[in-house]
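Structural overview for review
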There are 2 protein chains.
Amino acid sequence: MKQQLLQTIDEFQTVDELPVRDDTIVSYSGVPGAFAEQAAITFFGEQAHTLPVANFREVMEALAKGNADYGVLPIENSSAGNVETNYDLLSEYDMTIVGEQVIEVNQAVMVLPDASLSDIRKVYSHPQALMQCSRYLEQMGWEQINMVNTALSAMKVRDDKDKTQAAIASQRAANLFGLKIVNPIGNNNSNNATRFIILHKNRITAMGANKIGITLGLPHESGSLYEILGSFNRHELNMTMIASRPIPGRQWEYYFYMEFIGSLESEEVKQALLEIEESSINLRILGNYRTLL
Amino acid sequence: MKQQLLQTIDEFQTVDELPVRDDTIVSYSGVPGAFAEQAAITFFGEQAHTLPVANFREVMEALAKGNADYGVLPIENSSAGNVETNYDLLSEYDMTIVGEQVIEVNQAVMVLPDASLSDIRKVYSHPQALMQCSRYLEQMGWEQINMVNTALSAMKVRDDKDKTQAAIASQRAANLFGLKIVNPIGNNNSNNATRFIILHKNRITAMGANKIGITLGLPHESGSLYEILGSFNRHELNMTMIASRPIPGRQWEYYFYMEFIGSLESEEVKQALLEIEESSINLRILGNYRTLL
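What you are looking at is a predicted structure, and each value in this text was computed from that prediction instead of being measured.

1. Here we look at the overall build of chain A
Per the secondary structure count, chain A includes 10 helices and 17 strands. Relative to the globule expectation of 19 Å for 293 residues, the C-alpha radius of gyration of chain A, 21 Å, shows essentially globular dimensions. Nonlocal contacts in chain A, meaning residues at least 24 apart in sequence, comprise 77% of its contacts between residues at least 6 apart. Taken as a whole, chain A presents about 12,000 Å² of accessible surface, with 48% of it coming from carbon and sulfur. The averaged location of the 36 negative side-chain charges in chain A is 7 Å from the averaged location of its 23 positive side-chain charges.

2. Description of the environment of Ala193 of chain A
Residue and element names in this part refer to chain A. On the secondary structure map, Ala193 appears in strand S12 (residues 193–200). Its relative accessible area of 0% is what places Ala193 among the buried residues. Ala193 sits 174 residues away from Pro19 along the chain, and the two C-alpha atoms are 27 Å apart.

3. Re the environment of Gly186 of chain A
All names here are of chain A. Inspection of the secondary structure puts Gly186 in the loop between strand S11 (180–183) and S12. Distance from Gly186 to Gln107, taken between C-alpha atoms, is 5.5 Å for residues 79 residues apart in sequence. Those residues in contact with Gly186, other than ones at most four positions away along the chain, are Gln107, Gln132, Cys133 and Tyr136.

4. Some remarks on the pairing of S12 of chain A
Looking along a regular strand, one sees side chains alternate from face to face of the sheet. Residue and element names in this part refer to chain A. Within S12, 8 of the 8 residues are buried, leaving the element largely enclosed by the surrounding structure. Alternating positions in S12 separate into two faces, Ala193, Arg195, Ile197 and Leu199 on one and Thr194, Phe196, Ile198 and His200 on the other, with burial throughout. Here 7 bridges tie strand S4 (residues 70–77) to S12, and the two strands are oriented antiparallel to one another. Pairing of Leu73 across the sheet is with Ile197, part of S12. Examined bridge by bridge, strand S6 (residues 96–104) and S12 share 8 bridges and lie antiparallel to one another. Looking across to S12, one finds that Gly99 is bridged to Ile198.

5. Comments concerning the packing of helix H9 (residues 224–234) of chain B against helix H10 (residues 267–278) of chain B
Residue and element names in this part refer to chain B. It is at 9 Å that the axes of H9 and H10 come closest, and there the two elements cross at 170 degrees. The pairing of H9 with H10 is recorded here as roughly antiparallel in orientation. On H10, the residues touching Ile228, Ser231, Phe232 and Arg234 of H9 are Ala272, Glu275 and Ile276. Of the residues contributing to the contact of H9 with H10, the split by class is 4 nonpolar, 1 polar and 2 charged.

6. A word on the domain arrangement of chain A
Residues and elements named next belong to chain A. Considered domain by domain, chain A is made up of domain 1 (17–104 + 193–205), domain 2 (108–183) and domain 3 (209–289). For domain 1 and domain 3, the distance between their C-alpha centroids amounts to 23 Å. When residues of domain 1 are sorted by the area they lose upon contact with domain 3, Tyr87, Ile97 and Thr205 head the list and together hold 34% of the total. Between domain 1 and domain 3 we count 4 salt bridges in total.

7. Re the sheet that holds strand S11 (residues 180–183) of chain B
Here we have 10 strands laid out as an open sheet, ordered S11(A)-S7(A)-S10(A)-S8(A)-S9(A)-S9(B)-S8(B)-S10(B)-S7(B)-S11(B), and mixed in their pairing. Strands at the two margins of the open sheet, each flanked by one partner only, are S11 of chain A together with S11 of chain B. Direction aside, the axes of adjacent strands within the sheet are offset by 35 degrees on average. In this sheet, strand S10 (residues 165–169) of chain A lies alongside strand S7 (residues 108–111) of chain A in antiparallel orientation, the contact comprising 3 bridges. Paired with Ala108 of chain A across the strands is Ala169 of chain A, a residue of S10 of chain A.

8. Quick word on the sheet that holds strand S15 (residues 239–246) of chain A
All names here are of chain A. The strand order across the open sheet formed by 4 strands is S15-S16-S14-S17, and the pairing between neighbours is antiparallel. Among the strands making up the open sheet, the edge pair consists of S15 and strand S17 (281–289). Taking each pair of neighbouring strands and ignoring which way they run, the sheet shows an average axis angle of 15 degrees. Along the sheet, helix H9 (residues 224–234) makes contact with strand S14 (211–217), S15 and strand S16 (254–261), crossing S16 at roughly 15 degrees.

Rules behind the numbers
- Residues numbered from 1 in each chain as written.
- Chains lettered and ligands numbered in written order.
- Predicted model: local features only at pLDDT ≥ 70, side-chain atom pairs only at ≥ 80, totals over all residues.
- Heavy atoms only, no water.
- Helix = DSSP H or I, 4+ residues; strand = E, 2+ residues; numbered from the N terminus.
- Rg over C-alpha atoms; globule rule 2.2 N^0.38 Å.
- Contact = heavy atoms within 4.5 Å.
- Areas by Shrake-Rupley, 256 points an atom, 1.4 Å probe, with all protein chains shown as cover.
- Lys, Arg positive; Asp, Glu negative; His and termini not counted.
- Charge placed at Lys NZ, Arg CZ, Asp CG, Glu CD.
- Buried < 20%, exposed > 50% of the residue type's maximum accessible area, 1.4 Å probe, protein only.
- Pairing = 2+ DSSP bridges.
- Axes fitted to C-alpha atoms, helices over the stretch in contact; angles between N-to-C directions.
- Parallel < 35°, antiparallel > 145°, perpendicular 65-115°, else oblique.
- Nonpolar A, V, L, I, M, F, W, Y, C, P; charged D, E, K, R; others polar.
- Domains from an automatic or database assignment.
- Buried area = accessible area lost by both parts, 1.4 Å probe.
- Salt bridge = Lys/Arg side-chain N within 4 Å of Asp/Glu carboxyl O.

This is the structure we're talking about:
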């Protein structure tokens, strides 16, 4: 086990910068105007070729099949919390986190150019966006319809030409699809941001990477989480995030997603991970990438 | 601070059994046939008067206004994870957790008696239930419409008399609203259960209570969570659950919801809570109640 973990760590290949060529393809869930597309462009620059796919799972599939070089997935929103299903996808697919990108997210409420607020009966958006706007939507009492993506909702409102429909999406989506914004910030908190992770098929890590993501299961024993955090503490590693998810098909058993500051090249990190592997189940190193400290 | 915490603990009044009279009213979100109603009846017995309200917030409001003696809220599902918005309601309202009830949840897919699977174009349900059935729904590709409650979705399908509509709700809801089940278990995992908490306005705790729920914020310091878990460990208290939620209006700051085994009357628990208060922000004791160990 010890040998295997060290071997996995050795497999991570350090590169000066993440490889981006003229034909690099970055996959995201949605259509142009999606916040994820914005994250892709902010991270890779305008020269990146973006590949919109139907849903989060398809982002993973595009990577697995070699249809895309990178994938972009939302992992956490500052007001609605974790994008929980994506933790499950991280467990299911063997992809590497190679970067992160935070995007300020203002969820605008938009309608057809000749419609107004009082016409609205139905609102279309992604469940996360609906959750981020829960207080506003509670007051309005409109029918809420789940879409796989916010920008797709804006496209639907444009195409259906129905004045009773509204979409919750980005300002950019409103511009792209020629919709009128009736409320520029529908989200519960004006201070709303989403953190996206950048995924790659191979185990690479950019020079200067300072954050590590892992997942692990914990045995049903008193103090098992305390023991894990003790390893971080002994090696003076700062855990920046912890989230728990139920293990599929098992009642009240959880796996944990954790992030901490460090480099896989550091001896302290290696020692901590060896200790953590001893006291956890199925430890997986998801990646080592750069974050702004 | 120390004095205040001990005073709060003293305010909890131990009762032999939770007071239930002939006119006791238990509020839940939904309509008859909801899993929450099932939880209320299982916990309080058939003599309980149940009061259905429009959404989770209204359960809290019914307690606050004295329209109900008890409230029932889902807090955790074994496959979809935490019912996150209810943690926020626990922070917002000063209610006490006085009990818990686990209900096996099989999400059935149901249509009008003369409709069949191939007629379905739209599916109505609560976002949590849609999430629990995500894999099945991904395959079917139906439009997904959020309702405040699963049973309400079944009622809608009955009332709209539209063969293209399906609801995801309980077997009981199908019986109540005369619908035909086309798939008895739509949930991703057959082993699907929801844990409900029972709330009361006053700080009471039933004799033999063995689980404590708390919420707390953590300072942005390395090792702050480790310190909290250290208090549990030193006093040999077993933490059974931990969940984190973003603090409204603050970016990437979290509060934690934790449960551990113990009684507020125990000296070890009091000492641990005094220590935890020192190293956390806004510690709140949500309740002390019975669980099956």
